Amino acid sequence: MTLLLEAKVYIVGAGPGDPELITVKGQNILKQADVILYTDSLVNEQLMEVAKPEAEILKSAGMNLEELVDCMVTNVEQGKSVARVHTGDPAVYGAILEQMRYLKRAEVDYEIIPGVSSVFAAAAAAGIELTVPELTQTVILTRAEGRTPMPEREQLKDLASHHCSTALFLSATLIKKVVREFLEAGWLETDPVVVVYRASWPDQKVVRTTLGQLDETMRAEGIRKQAMVIISKAADERLLTEEGKYESKLYDKTFTHGFRKGEQVNG
Ligand code: SAH
């Protein structure tokens, strides 16, 4: 562990929940930070067990933005290193922009350390590849419109019209609307959906369903928060048994790429 922390703010992605899913760099920062600020409702407390005994560990759920940023600024001005821990990866729905804006204004340095987003923990738990050649090569990370309005050109129906893998954050209570917009965009009621509740936590649940059954299934399972909803043709379990279909060219014998020359196949 060679990293030596500076007096600045480290915005650290904590990963989806499992304390082993933080990056090595993120964990090294937690080991050395003078102050750790984390969202107690979402970040696994176990991650703080590596903190040095004299570290000040603060929960941020009860703080407003100003209190939060004041706390970071004051500590850095006293020469301390601050780890601001966010769930998953800070770049997706992390609400870090407003924090960075304040820090910049206060002339306090910061650095972002990426983390494993819950979308990837959910895909792993469900055992799916989100980008299957010839089936879908694009992933949309989005959310349903709730209290936060969606930009006009990002309406779910328009996004759904691409028919690619779609991962929905923050949408567990807005599922009826999600289903309606996907069906309007031409998806079928039989199209596969996987819902992962609390991916990588001990009480994780992976629920496979279809677009037509999605609302009912989530209600029956009592899933209303901390869920990743992946709507994707690639979430179809039958793909695992249908040999030859949708294989990546990367491992194809006849395909030449930067690291391997393909074999000539006659006939
Ligand atoms: N920055 C985070 C997302 C924060 S927004 C990330 O990269 O994962 C919070 C939303 O993320 C939740 O509403 C839920 O949709 C999703 N989420 C966060 N942790 C999750 C988990 N362990 N399992 C499933 N979904 C999760």
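Residues numbered from 1 in each chain as written. Predicted model: local features only at pLDDT ≥ 70, side-chain atom pairs only at ≥ 80, totals over all residues. Heavy atoms only, no water.

Caption draft 1: Broad picture of the sheet that holds strand S7 (residues 165-169). Spatially, S6-S7-S10-S8-S9 is the arrangement adopted by the five strands of the open sheet, whose pairing is mixed. The open sheet terminates on both sides in strands that have one partner only, identified here as strand S6 (139-143) and strand S9 (205-210). Across this sheet, the average inter-strand angle for adjacent strands is 20 degrees, counted without regard to direction. Sheet analysis places strand S8 (residues 192-197) next to strand S10 (residues 227-231), joined by five bridges and oriented antiparallel. By the bridge assignment, valine 195 is partnered in S10 with valine 229. Docked against the sheet, helix H7 (residues 214-221) engages S8, S9 and S10, running at close to 150 degrees with respect to S9. (Pairing = 2+ DSSP bridges. Helix = DSSP H or I, 4+ residues; strand = E, 2+ residues; numbered from the N terminus. Axes fitted to C-alpha atoms, helices over the stretch in contact; angles between N-to-C directions. Contact = heavy atoms within 4.5 Å.)

Caption draft 2: Expanded view of the layout of surface pockets. What the largest pocket holds in volume is close to 1,000 Å³. Contributing to the lining of the largest pocket are 41 residues, with Leu42, Thr87, Tyr93, Phe169 and Leu170 lying nearest its centre. Broken down by secondary-structure element, the contributors of at least two residues to the lining of the largest pocket are helix H2 (65-77), strand S4 (82-86), helix H3 (97-105) and S10. Residues of the lining of the largest pocket, tallied by class, amount to 18 nonpolar, 15 polar and eight charged. Structurally, the lining of the largest pocket is a two-domain feature, drawing no fewer than three residues from each of domain 1 (9-113) and domain 2 (118-237). (1 Å grid on protein atoms, 1.4 Å probe; cavity = no way out; pocket = protein on both sides within 12 Å on 5 of 7 lines; lining within 4 Å. Points joined across faces, edges and corners; volume = space filled by probe spheres on them. Nonpolar A, V, L, I, M, F, W, Y, C, P; charged D, E, K, R; others polar. Domains from an automatic or database assignment.)

Caption draft 3: Local environment of the pattern of salt bridges. Taken as a whole and judged by the stated rule, the model has eleven salt bridges. A salt bridge links glutamate 111 to lysine 8; the nearest nitrogen and oxygen atoms lie 2.8 Å apart. Here glutamate 111 is found in strand S5 (residues 110-113), whereas its partner lysine 8 is found in the segment before strand S1 (9-13), with 103 residues between them in sequence. For glutamate 111, a relative accessible area of 26% puts it in the partly exposed group. The exposure class assigned to lysine 8 is buried, which follows from its relative accessible area of 9%. Linking lysine 157 and glutamate 184 is a salt bridge whose minimum nitrogen-to-oxygen distance equals 3.9 Å. You can see lysine 157 sitting in helix H5 (residues 156-160) and its partner glutamate 184 sitting in helix H6 (residues 175-184), a full 27 residues away along the chain. Looking at lysine 157, the relative accessible area reads 36%, which means it is partly exposed. Linked through salt bridges whose partners overlap, the residues forming this network are Lys176, Asp215 and Arg219. (Salt bridge = Lys/Arg side-chain N within 4 Å of Asp/Glu carboxyl O. Buried < 20%, exposed > 50% of the residue type's maximum accessible area, 1.4 Å probe, protein only.)

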